[in-house]
Amino acid sequence: MPKLVTVAVPCPLRRGFDYLWPETLGLEAEIGLRVSIPFGRQQLVGVVIARDAVSDIPSNKLKAVLSVLDEHPCLPPNLVQLGRWAADYYHHPVGDCFQQMLPVALRKASPPKDKPAQYWRLSADWEQLPEIASRAHQQLSLLAVIRQAGQLSRRQIKDLGYSNAVLNTLINNGYLQQADAPVTPQPPSGNTELALNSEQQLAVSAISNSLGQFARYLLDGVTGSGKTEVYLRSITECLARGEQVLTLIPEIGLTPQTLERFESRFPGQVRALHSGLSDGERYRSWQDIRSGRAQILLGTRSAVFTPFQKLGLVIVDEEHDASYKQQDGWRYSARDIAVKRAADHNCPVVLGSATPSLDSLHNVGQDRYQLLELRERAGVASKPDIRLLDIRQQNLDEGLSNTLLDAAHDTLQAGNQVLIFLNRRGFSPLLQCHGCGWVANCQACDAKMTAHFGRRELRCHHCDAREALPSICPQCHNSQLIFQGPGTERLELSLKRHFPDVDVIRIDRDTTSAKGSMQSLVDGIRDGRPSILVGTQMLAKGHHFPDVTLVGIIDIDGGLFSADFRAPERSGQLLVQVAGRAGRADKPGRVYIQTHCPDHPALLALVSEGYQPFAQQLLAERQLLSLPPVSFSAVIRADASSLRCAEDFLAAIRAELAPGDTRWSIVGPLPAPMTRKAGRFRAALILQAERRPILHRQLAIACHTGDRLPKHKSLRWSVDVDPIDLF
Ligand code: ADP
Ligand code: ZN
Ligand code: ZN
């Protein structure tokens with residue numbers, strides 16, 4: 001009997017493929033090995049996911065594995081199991097799942113180049129060399145930077161904005177010589193003496209006592225309540241048992257400060273894994289964790305697939321954060337997979353947040369998760385005072401009410417900082433003609449163009465279309481064009497006008513697109529001078545601004561009235577997260593929320609009672625309507641060059657499914673609220689069921705049908721299990 005293996009092949013088909021395992025390979029067929037295989041006319045890299053397969057295809061028709069790319073399996077059996085489970089659960093092609101589970105460096109057949117970083121410092125005799133011409137600004141500036149830093153790697157130099165050519169000129173002219181990698185200074189691993197408060201103590205002992213067994217915790221504590229301290233202590237306990245730790249953080253939460261805090265507590269034992277690293281750097285972190293050379297992995301979404309020698313604790317910080325859910329292709333939730341991994345490894349998992357997701361709160365209600373609460377802020381910081389500002393019939397100056405402006409004035413006078421939050425970048429979300437009512441719409445989307453004043457552009461924030469800002473109405477040639485409503489750019493200008501003597505710093509995607517610019521803006525704020533920060537949700541995460549004592553929230557109403565039932569949850573979380581930036585340290589903070597609906601029950605609950613009662617109220621509504629997380633849902637989306645085409649495809653899938661009953665329901669095909677996006681028409685089928693197995697049975701039929709249906713060439717479709725957006 002010839003030996004067969006099943007291989008996950010990176011292709012869009014929802015199954016593994018069987019291959020012969022020839023004796024000539026000279027290696028045992030093992031699960032988790034990467035192999036090179038023929039596929040159609042291509043040669044691809046796949047992962048062995050089963051051996052001793054029995055194929056219904058006669059073996060003389062089967063192709064053979066060409067070569068084995070690893071000496072030892074690059075994924076351990078538990079991860080191969082997890083990958084197969086996740087492919088089934090998310091109804092996604094197994095080959096693509098395995099492809100994404102591997103670091104980029106391992107997705108190709110050629111062995112990854114594991115080049116150590118090259119460091120450069122000033123050469124011993126650089127002062128004896130002829131002076132660099134004063135017009136060679138770049139060379140002079142780089143020389144000064146390296147002199148100050150001691151030594152820098154090629155990559156760091158590149159990140160600072162210097163070209164390779166400048167660096168090479170300095171090297172070739174003898175100004176620089178190779179240096180050893182800098183020794184990470186071993187900061188005093190202090191802080192450990194910090195006396196935990198009683199709630200922290202309780203949390204740490206609960207987690208520590210369950211090391212070695214599967215247990216799920218929700219650590220619920222406001223920003224600054226000392227959650228990170230709880231993580232760090234629990235990690236210490238885990239390391240003492242000789243086990244490793246997986247810590248997930250949202251992309252934007254992985255700031256240099258977070259990394260420093262972990263590294264200074266556990267020198268040399270931490271590895272990072274995030275999109276800011278090169279493929280080589282990511283591969284090295286992955287290797288160090290897999291081999292056990294390092295104990296703690298601090299990473300974003302895809303880090304959840306890293307192999308560990310001996311995983312003993314899983315932590316998911318800011319568990320409510322939407323960035324844990326991949327939003328295209330394989331739509332997995334890293335938070336949910338993290339819980340599954342903890343179960344596989346028989347270890348505790350801690351989900352932490354100041355604003356827990358309704359999913360996790362529901363799990364607490366069902367006694368699946370244990371709740372650990374940190375009600376007080378650690379140290380001396382006190383709770384901010386939150387107030388609703390009724391702006392109905394108020395005179396607004398470019399969106400700012402007088403009450404808010406007065407409060408900002410007082411705050412700055414007292415030497416403190418102000419944060420103004422508006423989740424809308426650009427100058428104005430709507431450009432309109434006063435003469436004929438013309439509105440600047442996007443040609444490709446059912447959406448308005450946003451005006452960007454500084455760049456003199458109209459931009460669509462959905463498809464990125466750009467046009468020059470018109471000076472007269474294209475329809476009636478009237479020159480009275482009005483900007484309706486503010487964006488962050490407009491607020492910045494308006495605040496500069498009101499407060500000409502203080503720095504106004506804007507933080508949004510437009511001002512932080514260059515690498516490192518976010519950090520330098522944040523550093524500017526953290527030096528404490530009276531200043532005003534204005535920005536989008538980028539301000540809500542990761543960074544703490546100890547001198548901000550007033551937070552103004554300009555427009556929260558949009559989130560209260562969205563077509564998606566999850567919108568109020570998200571608005572509430574955002575609001576609390578933004579409010580949490582204020583009054584760290586020992587300065588009490590104030591939060592003013594401008595609204596046209598001061599009587600909105602959920603908003604009132606949030607402001608007067610806090611996030612927990614607000615969330616419980618939303619959860620009760622979901623219960624009443626049997627919406628997730630009380631029930632389970634999936635969305636099948638399709639988009640095409642015409643709405644008809646997308647809807648017909650979904651209708652054909654629906655026709656194959658059982659008619660809904662009391663245990664499950666199906667809605668659609670429905671056009672998405674913004675039906676046309678980037679020139680494509682979008683529609684969805686929404687499935688909802690009392691229990692998961694019912695949902696998955698229907699999804700399996702839907703995928704089977706969808707794969708086989710004849711399709712218009714413009715049609716694309718996808719399945720989203722446990723979606724976080726309806727459309
Ligand atoms: P979170 O992660 O919930 O935002 P942190 O763990 O970062 O909170 O703690 C907030 C601040 O309070 C940090 O500066 C931290 O060093 C400090 N802190 C945490 N726990 C204590 C404690 N028990 N006593 C004094 N200060 C503490
Ligand atoms: Zn006009
Ligand atoms: Zn558009």
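Criteria and cut-off values
Residues numbered from 1 in each chain as written. Chains lettered and ligands numbered in written order. Predicted model: local features only at pLDDT ≥ 70, side-chain atom pairs only at ≥ 80, totals over all residues. Heavy atoms only, no water. Near = heavy atom within 4 Å. Polar contact = N/O pair within 3.5 Å; in protein donor to acceptor, adjacent residues only side chain to side chain. Areas by Shrake-Rupley, 256 points an atom, 1.4 Å probe, with all protein chains shown as cover. Helix = DSSP H or I, 4+ residues; strand = E, 2+ residues; numbered from the N terminus. Nonpolar A, V, L, I, M, F, W, Y, C, P; charged D, E, K, R; others polar. Donors = N, O, S within 2.8 Å, 3.2 Å for Na, K, Ca; no water. Buried < 20%, exposed > 50% of the residue type's maximum accessible area, 1.4 Å probe, protein only. Phe/Tyr/Trp six-rings, centres within 6.5 Å; stacked < 30°, edge-to-face > 60°. 1 Å grid on protein atoms, 1.4 Å probe; cavity = no way out; pocket = protein on both sides within 12 Å on 5 of 7 lines; lining within 4 Å. Points joined across faces, edges and corners; volume = space filled by probe spheres on them. Tetrahedral: all angles 85-135°; square planar, octahedral: opposite > 155°, others 65-115°. UniProt positions renumbered as here; feature names shortened; annotations may be inferred. Contact = heavy atoms within 4.5 Å. Salt bridge = Lys/Arg side-chain N within 4 Å of Asp/Glu carboxyl O.

(A) Representation of the site of ligand 1. Taken together, 16 residues lie around ligand 1, and A195, Q200, G224, T228 and R261 are the ones closest in. Contact distances for ligand 1 include 3.4 Å between an oxygen atom and a backbone N or O atom of S225. Alone, ligand 1 offers 560 Å² of accessible surface; in the complex the protein occludes 75% of this. It is helix α7 (residues 227-240) that contributes the most residues to the shell around ligand 1, three residues altogether. Taken together, the residues of the shell around ligand 1 break down into five nonpolar, seven polar and four charged.

(B) Here's a closer look at the coordination of the zinc ion (ligand 2). The coordination sphere of the zinc ion (ligand 2) contains the protein donors C433 (SG), C436 (SG), C473 (SG) and C476 (SG), at a distance range of 2.3 Å. Mapped onto the polypeptide sequence, the residues donating to the zinc ion (ligand 2) form the spacing pattern C-x2-C-x36-C-x2-C. Placement of C436 in the loop between β18 (430-433) and β19 (450-452) and of C476 in the loop between β21 (466-468) and β22 (481-484) is noted, with a sequence separation of 40 residues between them. Given the relative accessible area of 33%, C476 is considered partly exposed.

(C) Spatial organisation of the packing of aromatic side chains. Scanning the model with the defined rule gives twelve aromatic pairs in all. Centroid distance Y89 to Y90: 4.9 Å. Interplanar angle 80°. Geometry classified as edge-to-face. The pair formed by Y89 and Y90 is uniform in burial state, with each residue classed as buried. With 4.7 Å between their ring centres and 55° between their planes, W330 and Y332 make a pair best called tilted. Each of the two residues, W330 as well as Y332, counts as buried.

(D) Main features of empty space enclosed by the protein. Going through the model one piece at a time under the given rule, you end up with one cavity of 30 Å³ or more. Volume-wise, the largest cavity comes out at about 50 Å³. Lining of the largest cavity is provided by A8, P10, V45, G46, V47, G95, F98, Q99, L102, L106 and R107.

(E) Structural context of the coordination of the zinc ion (ligand 3). Within the first shell, the zinc ion (ligand 3) binds the protein through C442 (SG), C445 (SG), C460 (SG) and C463 (SG), at distances of 2.2 to 2.3 Å. Coordination at the zinc ion (ligand 3) is tetrahedral, judged from the four donor atoms that bind it and the angles of 104 to 115° they form at the metal. Along the chain, the residues donating to the zinc ion (ligand 3) are arranged with the sequence spacing C-x2-C-x14-C-x2-C. Here C463 lies in the loop between β20 (457-459) and β21 and C442 lies in the loop between β18 and β19, a separation of 21 residues in the sequence.

(F) A look at the UniProt feature "binding site: Zn(2+) 1" (unreviewed entry) in the protein chain. Cross-referencing UniProt, the feature "binding site: Zn(2+) 1" (unreviewed entry) maps to C433, C436, C473 and C476 in the present numbering. Across 44 residues in sequence, these annotated residues keep their C-alpha atoms within 8.5 Å of one another, forming a single compact spot. Residue position: C433 is located in strand β18. C433 gets classed as buried once you look at its relative accessible area, which sits at 3%. Among residues more than four places away in sequence, those in contact with C433 are W438, C473, C476, N478, Q480 and L481. With near-sequence residues (within four places) excluded, C476 lies in contact with C433 and C436.

(G) Quick look at the pattern of salt bridges. Taken as a whole and judged by the stated rule, the model has 40 salt bridges. Between R676 and D446 there is a salt bridge; the shortest N-O distance is 3.4 Å. Here R676, found in strand β28 (residues 664-677), pairs with D446, found in the loop between β18 and β19; they are 230 residues apart in sequence, far enough to count as distant. Judged by its relative accessible area of 41%, D446 falls in the partly exposed class. Close ionic contact of R506 with E492 constitutes a salt bridge, the shortest N to O distance being 2.6 Å. One end of the pair, R506, is in strand β23 (residues 503-507); the other, E492, is in helix α13 (residues 488-498), and 14 residues separate them in sequence. Exposure remark for E492: the relative accessible area of 11% places this residue in the buried category. Salt bridges here are not isolated pairs; linked through shared partners, they connect E229, R233, R261 and R265.

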